[in-house]
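# Structural overview
Spelled out from the first residue to the last, the chains are:
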Amino acid sequence: MAYKTFDFSKFSSIRVGPIAEVFMIEDFDYPQNHTLIGGANNLLIGPNHPPLMKLSKKFDTIKIENNQLIIGASTPGGKVVSFCKKNNIANFEFMAHLPGTVGGMIEMNAGLKEYEIFNHLISCRFKDGVKLKKEIKHGYRFTDIDDVVFEATFEIQEGFKEENIEMFKKMRANQPSNFSAGSFFKNPQGDYAGRLIEAVGLKGHRIGDMAWSEQHSNFLINFGEGTFEEAMELVELAHLRVQKTFSISLENEVIVLNT
Ligand SMILES: Cc1cc2nc3c(=O)[nH]c(=O)nc-3n(C[C@H](O)[C@H](O)[C@H](O)COP(=O)(O)OP(=O)(O)OC[C@H]3O[C@@H](n4cnc5c(N)ncnc54)[C@H](O)[C@@H]3O)c2cc1C
């Protein structure tokens, strides 16, 4: 069994978390009691996290076969964009400013507005075989995937659009550049989590080195030395105040791994 050491205060996008041993998946033989991670761009990992596993570099692959694009699930989005640019392939430009691996993106149907990774997906390979897109329940930032995606196959359309990269960059203009895990809460039906956090007086609220961003209230940001405890204190505060003021129970979008 091959484990690799990760320092999540350096590896995760929010720069919070312990040093941990992570099981590296090399083939279909992986432990069933471990929690899967990808590039840790949508995670907040605490000191009491479950055992972790992650696809190895073996699954960082990208190729064209039978006019289809076949991508290993540990391939980072940036690499997909470079490949598509080189081969004049359309529809993957949105990944240029979306941090994560293809596996992590598929699991939550990640995207920007209506540009989602499922739009041009054909199928995914799992340990037990291949599932077509129509066999996977999916919607806005949601799928019913609960097993390891090893590889994904996409349809190919010609015409990489450089101008789309610029458009996606502009869409991000209101987001802070500090360390974060993206939007922390899902937007409740008909409202915005950021608006609610601001309305209960938490915009810019800081505890230690963690804060609800001044720039976008639904981003939990780390000024550098933030801790898991500080992060959870802010999350709890937002939950309590929004519940008390609006009777809305905010749901996490970021996955908190701590028992
Ligand atoms: C600054 C910033 C901005 C962001 N903006 C957006 C945005 O606009 N839109 C958006 O959709 N997301 C956004 N995100 C969130 C993030 O980009 C996505 O959630 C991305 O899909 C995370 O991929 P990851 O590889 O880092 O997965 P991780 O964060 O490591 O894991 C996330 C989930 O994916 C699962 N997973 C990982 N790999 C696999 C696999 N191979 N098979 C099955 N499941 C797997 C994990 O078990 C976990 O449940 C943003 C994040 C940051 C930091």
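Residues numbered from 1 in each chain as written. Predicted model: local features only at pLDDT ≥ 70, side-chain atom pairs only at ≥ 80, totals over all residues.

### A closer look at the site of the ligand
Applicable threshold: Near, for a residue, is defined by distance from a backbone-placed C-beta atom to a molecule or strand, with 6 Å as the limit that must not be exceeded. Under the scheme used here, helices are H or I runs from DSSP no shorter than 4 residues and strands are E runs no shorter than 2 residues, and both carry numbers assigned from the N terminus. Polar here means any residue other than Ala, Val, Leu, Ile, Met, Phe, Trp, Tyr, Cys and Pro, which are nonpolar, and Asp, Glu, Lys and Arg, which are charged; Gly is therefore polar.
Contacts to the ligand come from 31 residues, most closely from Gly38, Gly100, Gly103, Gly104 and Gly182. Within the residue set of the shell around the ligand, elements represented by two or more residues are β3 (35-37), α3 (102-107) and β8 (111-112). Among the elements that line the shell around the ligand, the one with the most residues is α3, at four residues. The residue makeup of the shell around the ligand, split by class, is 17 nonpolar, 12 polar and two charged.

### Examining the sheet that holds strand β17 (residues 220-222)
Let me state the cut-off plainly: Between any two strands, pairing holds if DSSP finds at least two bridges. Whether two residues are in contact is decided by their C-beta atoms, placed from the backbone, lying within 7 Å. Between N-to-C directions, angles span 0 to 180 degrees; the directions come from axes that are lines fitted to C-alpha atoms, helices contributing only their stretch in contact.
As summarised here, the arrangement of the three strands in space is β15-β16-β17, forming an open sheet in which the pairing is antiparallel. Strands at the two margins of the open sheet, each flanked by one partner only, are β15 (206-207) and β17. With three bridges joining them, strand β16 (residues 210-212) and β17 adopt antiparallel strand pairing. Bridging from a neighbouring strand, Trp212 pairs with Leu220 of β17. Against the sheet, helix α6 (residues 228-246) makes contact with β15, β16 and β17, and its axis sits at roughly 25° relative to β16, the strand it touches most.

### Quick notes on the sheet that holds strand β2 (residues 19-25)
Sheet architecture is open: four strands sit in the order β1-β2-β5-β3, paired in mixed fashion. In the strand order of this sheet, the two ends are held by β1 (3-7) and β3, each with one partner. Direction aside, the axes of adjacent strands within the sheet are offset by 45° on average. Alignment of β3 against strand β5 (residues 52-55), held across three bridges, turns out to be parallel. Among the inter-strand pairings, Leu36 is bridged to a residue of β5, identified as Met53.

### Things to note about the environment of Gly103
By the secondary structure assignment, Gly103 is in helix α3. Taking the C-alpha atoms as reference, Gly103 lies 32 Å from Leu237; in sequence the two are 134 residues apart. Beyond its immediate stretch of four places on either side in the chain, Gly103 contacts Gly38, Leu55, Ala73, Ser74 and Val149.

### A few points about unusual backbone geometry
For residues besides glycine, phi is generally negative; the peptide bonds are generally trans as well. Phi at Arg15 is positive, roughly 55°, even though this residue is not glycine. In this structure, Arg15 sits in the loop between α1 (8-11) and β2. At Arg141, a residue that is not glycine, the phi angle is positive and equals roughly 55°. Mapping Arg141 onto the fold places it in the loop between β12 (138-139) and β13 (142-143).

### A short note on helix α2 (residues 77-86)
For the record, the criterion: To sort residues by exposure, count the other C-beta atoms lying within 10 Å of each residue's C-beta; 20 or more gives buried, 12 or fewer gives exposed, and values between give partly exposed, all with C-beta atoms placed from the backbone. The directions from the helix axis to the C-beta atoms are what the arc is built from.
Those residues of α2 lying buried are Gly77, Val80, Val81 and Cys84. Down the axis of α2, the sector holding all buried residues measures 100°, keeping them to one side. Packed against the buried residues of α2 are β6 (62-65), β7 (68-72) and α3. One or two steps after α2, the chain reaches Asn88, where phi turns positive at roughly 55°.

### What about the nonpolar core?
As a reminder of what qualifies: The term nonpolar core refers to a set of buried Ala, Val, Leu, Ile, Met, Phe, Trp, Tyr and Cys residues connected through C-beta atoms within 7 Å.
One finds Leu44, Ala152, Leu220 and Ala231 to be the most contacted residues of the largest nonpolar core, which totals 60 residues. Setting aside residues no more than four positions away along its own chain, Ala231 makes contact with Val16, Leu44, Met210, Leu220 and Gly226.

### Overview of the pairing of strand β10 (residues 121-126)
Within a regular strand, the side chains alternate between the two sheet faces. In terms of strand pairing, β10 meets strand β14 (residues 151-155) through four bridges, oriented antiparallel. Bridged to Leu121 within β14 is Phe154. The hairpin turn running from β10 into strand β11 (residues 129-132), its antiparallel successor, is two residues long.

### Some remarks on the domain arrangement of the chain
Put simply, the rule is: Here the bounds of each domain stem from an automatic or database domain assignment.
As assigned here, the chain comprises domain 1 (3-58), domain 2 (59-171) and domain 3 (193-257). Averaged C-alpha coordinates put domain 1 and domain 3 at centres separated by 24 Å. Taken together, the contact pairs 13 residues of domain 1 with nine residues of domain 3. For the side of domain 1 that touches domain 3, the element with the most residues is strand β4 (residues 43-45), which contributes three residues. The residue inventory of the side of domain 1 that touches domain 3, partitioned by class, reads seven nonpolar, five polar and one charged.

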